[in-house]
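Residues per chain are reported as follows:
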Amino acid sequence: MTILQVENLTKHYVTSGGYFDGRGETIVALDDVSFDVRRGESIGIVGESGSGKSTLSRIILGLERPDSGRIVFDGTDLSTLSKRELRAICARIQVVFQDPYASLNPRMSVRDLIAEPMEIHRDILGMSNAQITDRVAELLTLVRMEEDHMHRYPHEFSGGQRQRIGIARALACKPQLIVLDEPTSALDVSVQAQVLSLLIGLQDELNLTYLFISHDLAVVRYLCQSAILIRKGKLVENAPIESLFDAPESDYGRMLIGAMPDIDPDRSPFRLKSEA
Amino acid sequence: MSEVVQSTGSAATRSARRTNWARGFYRFRQNPLSVVGLVIVVLLLLLALFGEYIAPYPEHLNGELNVANRFQPPSAEFWFGTNEVGQDIFSLVLAGARISLLSGIAVIVVATLIGTFIGVIAGYFGSWLDEVLMRFTDLVLTLPALILAMAIAAGLGPSIPNMILALALAWWPGFARMARGEVLSTKAELYVLAAKAQGGGNTRILTRHILPNITSPIIVKMSLDVGFAILAVASLGFIGIGVRPPTPEWGVMLSVSRSNLPHFWWTAIFPGMAIFLSVLSFNFMGDGLRDVFDPRARR
Ligand SMILES: Nc1ncnc2c1ncn2[C@@H]1O[C@H](COP(=O)(O)OP(=O)(O)OP(=O)(O)O)[C@@H](O)[C@H]1O
Ligand SMILES: [Mg+2]
């Protein structure tokens, strides 16, 4: 069953241009992109830097409006919603950002960080402060951290732990769809593998759908059932993961797969997949 | 269960806070001048609160004259000498700390409130609001602060609250510019985007994410500026627009002593030293705070 439909999405940016000529340049960040995401599935979004991946995630998260095209989430067209209704949808679509250092407010305790989405959506959830604190403790356990970590501040944690805090925050309102914007690319490879296996475990447990943005094809192959390739804002390939790797249809896909480093399966931190 | 979490939690929070304070104090101590500044600031604040009670000649503070003792040079009896009407300058300088310091601090507090409000609104909401508010700020900024304050004070009439207001109205643009700049860089932070993605509104983002992250530079600027505000208060007193004699205020004392120079130098040198010392100590303390909050800016 389809949970998210992206239809003919187009987004342009106009740069402010030089001081003297004043002519702004138009950048096509997304050009007529369409794809569907099935519930409970992980879909990888792959492309090189500047190809429009983050733009796509910002539009899906409702942070920016597309120039044309629409996003249909669980049967509702997001562009038809009022501000209030859009806010309510926010609880069901959450995000984990690439950079675990910049995405957590350094002045907030872990409890307040994870509690924030529940406080924002208090009107829908109707939780008291004590219930929120209990839920924070529960979420910390869920991402394999300790309950009394909630009284500490982000700078007291390693990158991997911070990323778990970010994941706990994303899970707080029991979302259905999580956008992961390169959630592990800022981490060490071994820590990456831990976070990824945590994500896989959570997906099974909570029936989550992942939109996994990355430029690392190896990670996408490990985590996702299908992938789309984006190049300069255009969708160049949309295929199940096996057929993408066995027989890529586009030149771009062939190039990306050709550029992958050979992995020694015994030493790869992603070898869990073959065991599972 | 939540009770258990709460109780162990508050202890953990407290210890985390304590290590932060210890770390901050360690950085502050790295620069001995900052510590000197802090000590003098604390002494000055104590003087501002209790100066009139420890003055050796409290009756002189109420305008009592002792013409027989006029222009006594510094001695064991009159540490800083006496002035043209025989009042003990040491007592006057002690009592003057209250008006000079407290009005200097009041000027900066009012200026910070106005400036931060305008700067945060301009920086956060941007577009035409930013344009209008910042053009206005620039306009005020181009007028020399002291002249502007003189004009406002002259218009409002001489009194201490009017003088504070006049200086604050001339002082806020610096805070507005700085607050705006801090907001512009803070609102581009990923954690602000994260709060928006969760559906957080402007009020929450401003109060929970932006303001807590811009307070450190504002506090540093406040403590640096208090020294200059004390100087400005004294300047207004000196030219006769702020505090009026016989109220003991350092600038006023300096102004009156002009006609006693160079012969009766002690009537000018001690209030002058008091101004100098307070400007300097607030600056040293401000530098120390900067080291604490922003170690990268350290020279
Ligand atoms: N606010 C903006 N204003 C102007 N141009 C923008 C803006 N945001 C993105 N762009 C441009 O749009 C293009 C796509 O950017 P985007 O951030 O979506 O790329 P990305 O695929 O996420 O790259 P990366 O892998 O480096 O994160 C880039 O050329 C970028 O410069
Ligand atoms: Mg990106």
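Positions within a chain are numbered from 1, following the residues in the order the chain's sequence is written. Each chain gets a letter, beginning with A, and each ligand a number, beginning with 1, in the order they are written. It should be noted that, the model being predicted, local features are given only for residues of pLDDT at least 70 and side-chain atom pairs only at 80 or more, the latter also being counted only at that level, while totals for whole chains, interfaces and linings use all residues. The side-chain figures draw on all heavy atoms in the structure; neither hydrogens nor water molecules are used.

Asker: Mind laying out the interface of chain B and chain A, listing which residues take part and the relevant values?
Answerer: By definition in these notes, contact holds between two residues if any of their heavy atoms fall within 4.5 Å. On the chain A side, the residues contacting the 27 residues of chain B number 32 residues. Within this document, salt bridges are pairs made up of a side-chain nitrogen of Lys or Arg and a carboxyl oxygen of Asp or Glu, the two lying within 4 Å of each other. Where chain B touches chain A, the interface holds 4 salt bridges. Pairs of N or O atoms within 3.5 Å make up the polar contacts considered here, provided that, within protein, one atom can donate a hydrogen while the other can accept it, and that residues adjacent in sequence are counted only when both atoms are side-chain atoms. There are 10 residue pairs in polar contact (both at pLDDT 80 or more) connecting chain B and chain A. Classes in brief: Ala, Val, Leu, Ile, Met, Phe, Trp, Tyr, Cys and Pro nonpolar; Asp, Glu, Lys and Arg charged; the others, Gly included, polar. Its residues assigned to classes, the side of chain B that touches chain A shows 11 nonpolar, 11 polar and 5 charged.

Asker: Describe the pairing of strand E10 (residues 234-240) of chain A, with residues and values.
Answerer: If DSSP finds at least two bridges between two strands, the strands pair. For the purposes of this entry, the term helix denotes a DSSP run of H or I that reaches at least four residues, the term strand denotes a run of E that reaches at least two, and both are numbered from the N terminus. For strand E9 (residues 226-231) of chain A and E10 of chain A, the ladder comprises 6 bridges, and the chain directions are antiparallel. Bridge pairing links Ser226 of chain A to Pro240 of chain A in E10 of chain A.

Asker: Can you break down helix H7 (residues 189-206) of chain A residue by residue, with the values?
Answerer: Residues and elements named next belong to chain A. If you check H7, its first and last C-alpha atoms are 25 Å apart, about what 18 residues at 1.5 Å a residue would give, namely 26 Å. In this structure, the buried side of H7 is in contact with strand E3 (42-46), helix H5 (129-142), helix H6 (159-171), strand E7 (177-181), strand E8 (209-214) and helix H8 (217-223). Just downstream of H7 lies Asn207, where phi reads positive at about 55 degrees. Helix span, expected: 1.5 Å multiplied by one less than the number of residues in the helix.

Asker: A description of the environment of Arg208 of chain B should follow, citing residues and the corresponding values.
Answerer: Its place among the elements puts Arg208 of chain B in helix H9 (residues 202-238). Exposed residues in this analysis have more than 50% of their type's maximum accessible area, buried residues have under 20%, and partly exposed residues fall in between, with area computed by a 1.4 Å probe over protein chains only. Looking at Arg208 of chain B, the relative accessible area reads 27%, which means it is partly exposed.

Asker: Run through the sheet that holds E3 of chain A, naming residues and quoting values.
Answerer: Residues and elements named next belong to chain A. Pairing is mixed in the open sheet, where 6 strands are placed in the order E6-E7-E8-E3-E9-E10. Each end of this open sheet is capped by a strand with a single partner; those strands are strand E6 (93-96) and E10. On average, each strand axis in the sheet is inclined to that of its neighbour by 20 degrees, with strand direction left out of account. With 5 bridges connecting them, E7 and E8 associate as parallel partners. Note on E8: the bridge partner recorded for Leu177 is Thr209. Sheet strands in contact with H6 are E6 and E7, and its direction is about 175 degrees off that of E6. Here, axes are lines fitted to C-alpha atoms. For helices the fit covers the stretch in contact, and angles between N-to-C directions go from 0 to 180 degrees.

Asker: Got a sec to walk through unusual backbone geometry? Specific residues and values, please.
Answerer: All names here are of chain A. Positive phi is not limited to glycine here, since Lys174 has a value of about 50 degrees. When you line up the elements, Lys174 lands in the loop between H6 and E7. According to the relative accessible area criterion, Lys174 is exposed, its value standing at 64%.

Asker: How would you explain the site of ligand 1 if you had to name every residue and give the values?
Answerer: Residue and element names in this part refer to chain A. Throughout, the term near means that a residue has one or more heavy atoms lying within 4 Å of the molecule or strand in question. Around ligand 1 sit 14 residues, and of these Ser49, Gly50, Lys53, Ser54 and Thr55 come closest. The separation between an oxygen atom of ligand 1 and a polar side-chain atom of Thr55 is 2.5 Å. One of the side-chain nitrogen or oxygen atoms of Arg58 is found 3.3 Å away from a nitrogen atom of ligand 1. Starting from 640 Å² of accessible surface for ligand 1 in isolation, the protein chains cover 65%. Contributing elements (two or more residues each) for the shell around ligand 1: strand E2 (26-38) and helix H1 (53-60). If you tally residues by element for the shell around ligand 1, the top one is H1, at 4 residues. Grouping the constituent residues of the shell around ligand 1 by class yields 3 nonpolar, 7 polar and 4 charged. A 1.4 Å probe and the Shrake-Rupley method give the accessible areas. Residues count as covered only by the protein chains that appear here.

Asker: Give a detailed account of the pattern of salt bridges, specifying residues and quantitative values.
Answerer: Within the structure shown, the criterion is met by 24 salt bridges over all chains. Residue Arg70 of chain A is joined to Asp77 of chain A by a salt bridge in which the shortest nitrogen-to-oxygen separation is 3.2 Å. Owing to a relative accessible area of 35%, Arg70 of chain A belongs among the partly exposed residues under this scheme. Taking the shortest distance from any N to any O, the salt bridge between Arg111 of chain A and Asp112 of chain A comes out at 3.1 Å. Of the residues examined, Arg111 of chain A reaches a relative accessible area of 13% and is grouped as buried. The partly exposed category is assigned to Asp112 of chain A, whose relative accessible area is 23%. A network of salt bridges, in which partner residues are shared, links Arg111, Asp112, Glu116 and Glu119 of chain A together with Arg204 and Arg208 of chain B.

Asker: An account of the packing of helix H2 (residues 32-54) of chain B against helix H11 (residues 266-293) of chain B is requested, with residue identities and associated values reported.
Answerer: Residues and elements named next belong to chain B. Where H2 contacts H11, the axes come no closer than 7 Å and their chain directions differ by 130 degrees. It follows that H2 is oblique to H11 by the angle criterion. H11 is crossed by H2, and the crossing has left-handed handedness. In this structure, H2 uses Leu33, Ser34, Gly37, Leu38, Ile40, Val41 and Leu44 to contact H11, whose residues at the interface are Leu277, Ser278, Ser281, Phe282, Phe284, Met285, Asp287 and Gly288. Residues of the contact of H2 with H11, tallied by class, amount to 9 nonpolar, 5 polar and 1 charged. For this classification, under 35 degrees means roughly parallel, over 145 means roughly antiparallel, 65 to 115 means roughly perpendicular, and everything else is oblique. For any helix crossing, the convention is left-handed if the near helix is rotated counterclockwise from the far helix by under a right angle, and right-handed if that rotation is clockwise.

Asker: Which residues make up the sheet that holds E2 of chain A, and what values do they have?
Answerer: Residue and element names in this part refer to chain A. Strand order in the open sheet formed by 4 strands is E2-E1-E4-E5, with antiparallel pairing between adjacent strands. In this open sheet, the two edge strands, each paired with only one partner strand, are E2 and strand E5 (76-77). Sheet topology places strand E1 (residues 2-14) next to strand E4 (residues 68-73); 5 bridges connect them, and they run antiparallel. Directly across from Val6, in E4, lies its bridge partner Ile71. The strands touched by H1 within the sheet are E1, E2 and E4, with E1 carrying the most contacts at an inclination of about 120 degrees.

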